[in-house]
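Chain and residue survey
The residues making up each chain are set out below.
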Amino acid sequence: GKLDLIMHATVEQLSIQAEAKRIDVKLELPDEVYVMATPGRLKQALMNLVSNAIKYTPDGGHVNVAVTADTLPSGAEIVTIRVKDTGHGIPTKDLPHVFDKFFRVKNDSTERVAGTGLGLAITKSIVEAYAGRIRAESVEGVGSTFIIELPRCGAYHDPPAATTQPVTPAAPPM
C-alpha cells in the first residue's frame, strides 16, 4: 500500500486522542513509498503503535512517526517506520516480553492506562505476515521507539500502452 496515505489517515484518526493530552504528533515521511502490505492491516498495526505512544506519553509530550526507505547490505529494499514517544519508557527486564499476548508493563505510570495487552501481539503478527520485523527500544524515563521494517516495493506504474498490431482474421472453418 501507499504508505503516506496510510500514515496520514492513522495520525488524523488519532488526532483527538492526542489533542486531549496536548501531545504533538509529528509525521516525517517521503512521498511515494510503497510497502508490500494490505493498507487496512498495516493501518491497524500503525494505529496500535501510535495509539500506545499517545496513551503512555504524559500530557504535553511528543510522538514522532518517521518513515525512511533503506537498502540493506544484502541489497534488499525495506521501509523502516519508527514510532518514538517521550513516555515513561519500558523497563529493560520487560522489553523482551512486550510483544507477548496479554503482557502489560506494570508500574505506577501504566496502572491508570486501560488495555488488554493484545495490541502489540496483534501488531507483531501483522508485521510478520508481510515478511517484516518489529522491535522495541526504550530508556526508562526517556521514552520508547517501536521500529517496523517491511519489504519495499517500487512505485506502481501504469502498464505500458498497448501497441496496436494488425489482427489477422481466423480462417473460416472448413
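In this text the structure is predicted, and so the values were computed from the model without any measurement. Residue numbers run consecutively from 1 along every chain, following the written order of its sequence. Note on the predicted model: pLDDT of at least 70 is required for a residue's local features to be given, and 80 or more for side-chain atom pairs to be given and counted; whole-chain, interface and lining totals, by contrast, use all residues. Only hydrogens and water are set aside when side-chain values are computed; all heavy atoms of the structure are taken into account.

A word on the packing of aromatic side chains. When the centres of two rings from Phe, Tyr and Trp lie within 6.5 Å, Trp using its six-membered ring, the rings pair. Their planes under 30 degrees apart give stacked, over 60 give edge-to-face, and anything left gives tilted. According to the stated counting rule, one finds one aromatic pair in the structure shown. Relative to F146, the ring of F99 has its centre 6.0 Å away and its plane inclined at 85°; by these criteria the two rings are edge-to-face. Remark: F146 occurs in strand β6 (residues 143-153) and F99 occurs in the loop between β4 (77-85) and α4 (119-129); sequence separation between them is 47 residues. Note on accessibility: F99 and F146 belong to one class, buried. A helix here means a DSSP run of H or I that spans at least four residues, while a strand means a run of E at least two residues long, and both kinds are numbered starting from the N terminus. Each residue is placed in one exposure class: buried if its accessible area under a 1.4 Å probe, protein chains only, is under 20% of its type's maximum, exposed if it is over 50%, and partly exposed if it falls in between.

With that out of the way, let us pick up the environment of H97. Position of H97 relative to the elements: it lies in the loop between β4 and α4. Taking the C-alpha atoms as reference points, H97 and A121, 24 residues apart in sequence, are found 9.8 Å from one another.

Moving on to the side chain of T57. Note on placement: T57 falls in the loop between α3 (39-55) and β3 (62-71). By relative accessible area, which is 1% here, T57 ends up buried. One polar contact links the side chain of T57 to the main-chain carbonyl oxygen of A53, over a distance of 2.5 Å. Definition of a polar contact: a pair of N or O atoms within 3.5 Å, with one able to donate and the other able to accept a hydrogen when the atoms are protein atoms, and with sequence-neighbouring residues admitted only if both atoms are side-chain atoms.

As a further point, take the nonpolar core. Formed by 32 residues in total, the largest nonpolar core has its most connected members in L3, L42, I81, V83, F146 and I148. Among the secondary structure elements, those contributing two or more residues to this core are α1 (3-13), α3, β3, β4, α4, β5 (133-139) and β6. Among the elements that take part in this core, α3 stands out by supplying seven residues, more than any other. What L3 contacts, discounting residues up to four positions off in sequence, is L29, V33, V35, L42, V67, V79 and I81. As used here, the term nonpolar core means buried Ala, Val, Leu, Ile, Met, Phe, Trp, Tyr and Cys residues forming a set that is joined through side-chain atoms within 4.5 Å. Residue contacts are defined here by distance: any two heavy atoms, one from each residue, within 4.5 Å place the two residues in contact.

Another aspect to go through is the confidence of the model for the protein. One confidence number per residue, pLDDT, is output by the predictor and ranges from 0 to 100. Within the protein, residue pLDDT values average 82, and 78% of them lie at 70 or more. Taken together, the stretch residues 155-169 has pLDDT below 50 and engages in three contacts with residues farther than four places along the chain or on a different chain.

Should DSSP find at least two bridges between two strands, the strands are taken to pair. Sheet topology places strand β1 (residues 24-28) next to β3; five bridges connect them, and they run parallel. From the neighbouring strand, E28 faces β3, where its bridge partner is A66. Here β3 hands over to β4 after five residues, with G75 in that stretch at a positive phi of 95°.

Our next topic: the packing of α1 against α3. To obtain each axis, a line is fitted to C-alpha atoms, and for helices this fit is confined to the stretch in contact; angles are then taken between N-to-C directions over 0 to 180 degrees. Between α1 and α3, the least distance of the axes is 10 Å, while the angle of their chain directions is 45°. Taken together, the axis directions place α1 and α3 in an arrangement best described as oblique. The interaxial crossing formed by α1 with α3 has right-handed handedness. Within the contact between the two elements, α1 uses L3, I6, M7, A9, T10 and Q13 and α3 uses P39, L42, K43, L46, M47 and V50. The nonpolar class holds Ala, Val, Leu, Ile, Met, Phe, Trp, Tyr, Cys and Pro. Asp, Glu, Lys and Arg form the charged class, and all remaining residues, Gly among them, are polar. Looking at side-chain class alone, the contact of α1 with α3 contains nine nonpolar, two polar and one charged residues. Reported orientations rely on four angle classes, namely roughly parallel under 35 degrees, roughly antiparallel over 145, roughly perpendicular from 65 to 115, and oblique for the rest. Note: crossing handedness is left-handed where the near helix turns anticlockwise from the far helix by less than a right angle, and right-handed where it turns clockwise.

The next subject is unusual backbone geometry. With a phi angle near 55°, R22 is a residue other than glycine that sits in the positive phi range. Here R22 lies in the loop between α2 (15-20) and β1. The phi dihedral of A131 falls on the positive side, at around 60°, and the residue is not glycine. Along the polypeptide, A131 turns up in the loop between α4 and β5.

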